[in-house]
Amino acid sequence: MDDSNQAALSRSTVLVTGAAGYIGSHAVTELLRQGCRVVAVDNYSNSSSEVYARIERLAGASFVRAEVDVRDDAALDKLLSQHRVDACIHFAALKSVSESMAQPLRYLDNNVGGLLTLLRVLRKHGVQGFVFSSSATVYGDPVRVPVPEVASLNAVSVYGATKLMGEKILQQLTAITPEFERPWRVVVLRYFNPVGAHPSGQIGEAPRGVPNNLMPCVAQVAAGLRPKLNIFGDTYPTPDGTCVRDYIHIQDLVAGHVAALRHLLGDGASLTLNLGTGLGTSVRQLVETFMQVNGVAVPYEVVAPRAGDVAQCFADPSLAHQVLGWRAHHDLADMCRDAWRWQCSRPRSHA
Ligand code: NAD
Ligand code: UD1
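Since we're looking at a predicted model, the values are computed, not measured.

J.: Would you mind showing me how to read the site of ligand 1 here?
T.: D42, N46, S47, K95 and Y159 are the nearest of the 27 residues found near ligand 1. Contact distances for ligand 1 include 2.7 Å between an oxygen atom and a side-chain N or O atom of N46. Between ligand 1 and K163, the relevant distance is 2.8 Å, taken from an oxygen atom to a side-chain nitrogen or oxygen of the residue. The fraction of the free accessible surface of ligand 1 (830 Å²) that becomes covered by protein chains is 96%. Listed by contribution, the elements that provide at least two residues to the shell around ligand 1 are α2 (22-33), β5 (129-135) and α7 (158-175). Sorting elements by how many residues they give to the shell around ligand 1 places β5 first, with three residues. In the shell around ligand 1, the residues fall into 12 nonpolar, 10 polar and five charged.

J.: How do you make sense of the state of the cysteines when you look at a structure like this?
T.: Any covalent bond linking the sulfur atoms of two cysteines counts as a disulfide. For the structure on display, the rule yields zero disulfides. For the unlinked cysteine C243, the closest cysteine sulfur is that of C313, found at 11 Å. Given a relative accessible area of 5%, C243 falls into the buried group.

J.: Explain α2 to me, please; I cannot follow it from the model alone.
T.: Each α-helix winds once per 3.6 residues, and so residues spaced three or four apart point in a common direction. The end-to-end C-alpha distance of α2 is 17 Å, a good match for the 16 Å that 12 residues give at a rise of 1.5 Å each. Burial within α2 is extensive, with 11 of its 12 residues counted as buried. Looking only at α2, the buried set comprises Y22, I23, G24, S25, H26, A27, V28, T29, E30, L31 and L32. The positive-phi residue at the C-terminal boundary of α2 is G35, with phi of around 95°.

J.: Looking at this structure, I do not really get the pairing of β5. What am I missing?
T.: For a regular strand, the rule is simple: side chains alternate between the two faces of the sheet. Here β5 lies mainly inside the structure; seven of its seven residues are buried. Neither face of β5 is left uncovered, since the one carrying G129, V131, S133 and S135 and the one carrying F130, F132 and S134 both have all their residues buried. As paired strands, strand β4 (residues 87-90) and β5 are joined by three bridges and run parallel to one another. Note that in β5 the partner of C88 across the bridge is F130. When β5 meets strand β6 (residues 185-191), the two strands line up parallel, connected through seven bridges. From the neighbouring strand, S134 faces β6, where its bridge partner is R190. In this fold, β5 hands off to α7, which returns the chain to β6; that crossover is right-handed.

J.: It is not clear to me how the sheet that holds strand β14 (residues 312-313) should be interpreted in this structure. Could you clarify?
T.: Sheet strands line up and pair through hydrogen bonds in the backbone, either parallel or antiparallel. Strand order in the open sheet formed by three strands is β12-β9-β14, and the pairing between neighbours is mixed. Strand pairing shows two members of the sheet lacking a second neighbour, β12 (281-282) and β14, which therefore form its edges. Pairing between strand β9 (residues 244-245) and β14: two bridges, direction parallel. Across the sheet, V244 pairs through a bridge with Q312, a residue of β14.

About the cut-offs
Residues numbered from 1 in each chain as written. Chains lettered and ligands numbered in written order. Predicted model: local features only at pLDDT ≥ 70, side-chain atom pairs only at ≥ 80, totals over all residues. Heavy atoms only, no water. Near = heavy atom within 4 Å. Polar contact = N/O pair within 3.5 Å; in protein donor to acceptor, adjacent residues only side chain to side chain. Areas by Shrake-Rupley, 256 points an atom, 1.4 Å probe, with all protein chains shown as cover. Helix = DSSP H or I, 4+ residues; strand = E, 2+ residues; numbered from the N terminus. Nonpolar A, V, L, I, M, F, W, Y, C, P; charged D, E, K, R; others polar. Disulfide = S-S within 2.5 Å. Buried < 20%, exposed > 50% of the residue type's maximum accessible area, 1.4 Å probe, protein only. Expected span 1.5 Å × (residues − 1). Pairing = 2+ DSSP bridges. Right-handed = clockwise from strand over helix to strand, strands pointing away.

What follows is the structure, given as structure tokens:
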């Protein structure tokens, strides 16, 4: 690691949008631990401000927080007039694939409209270092795995389309620098399947209602909150017939963001990078590992495939290693252990 980049990081102030959410809360905790100052923004549409007290206890540091919608340019403008920031990590978005198909305009307005408003206000305040949360969903059904960043892009859902549009907007901004303007420097991070929780068990994923994603479903079934797990299909062309994904520990994912910020604060160039482990894991393997490492039962039943699921998707993460020196360190057992610790210790209001 370049010492001057680390020094720049620990002197910096970072605007984090979607800070109270699953990934945002872990990122804020780590940024504080790295010595950064944080200005946290969320509208709590899928989270609660209660998490902030736990973050401060964990990190032993406090931070600025504001209830602001990223589509509200006046509120953002006011906040950035009060707090000078050096860079922004933009997590705030709606993320349910099924909901995006039922409410396309809401998703386009929130995710694309929110990004445009945020960029406009950041530019006004001279903040042009930006980290964007994208998703492996932009690869659609990949032609080959592991998937490199140069693979063809094809978002199938409205949610996926909002991520692809976000990437394209940012590409336009980084490709063109009008005379007398500062260039944008943007790192687009395509996450594979973030799972697990902070090892303290104090923060984690707190989905509202019935979760859509596999790991929270598994943890809730293990805790007896749901009678059984539905495995969506076992006749895919994969080794055990269930779908294969690239599960990545939330702490590794967050470390990727810290590495991206360090790169930007050290005047690094714009990049688009996969954040994954490079390993494919089947649904059955994940469930079995969860039961084994935690010593709990997860009753399951194989049901019909879920519409829109692809058989296999896992990353080629070599570019992130090459340019940021980042790679994932946690294995599937760590992910299952930490997800279970969080499930067992999470506050009742988030059960
Ligand atoms: P999350 O829902 O837990 O967090 C998102 C946060 O953004 C929430 O706290 C929500 O209240 C807030 N938010 C939404 N719209 C907002 C708005 N207009 N203004 C202010 N705040 C707003 O989701 P997450 O899992 O932490 O995801 C963070 C980002 O990562 C999202 O952009 C998501 O699309 C992307 N992503 C997530 C995954 C995943 O599996 N979790 C995978 C790929 C990409
Ligand atoms: C899904 C989204 C993706 C999003 C990601 C993270 C779809 C088609 N894709 O990815 O856009 O970026 O979540 O939010 O929704 N499974 C079960 N039983 C369950 C839940 C899941 O068998 O109860 C299986 C699924 O069929 C899939 C695997 O587990 O094969 C992982 O599912 P999930 O956690 O929802 O992630 P993705 O489908 O990869």
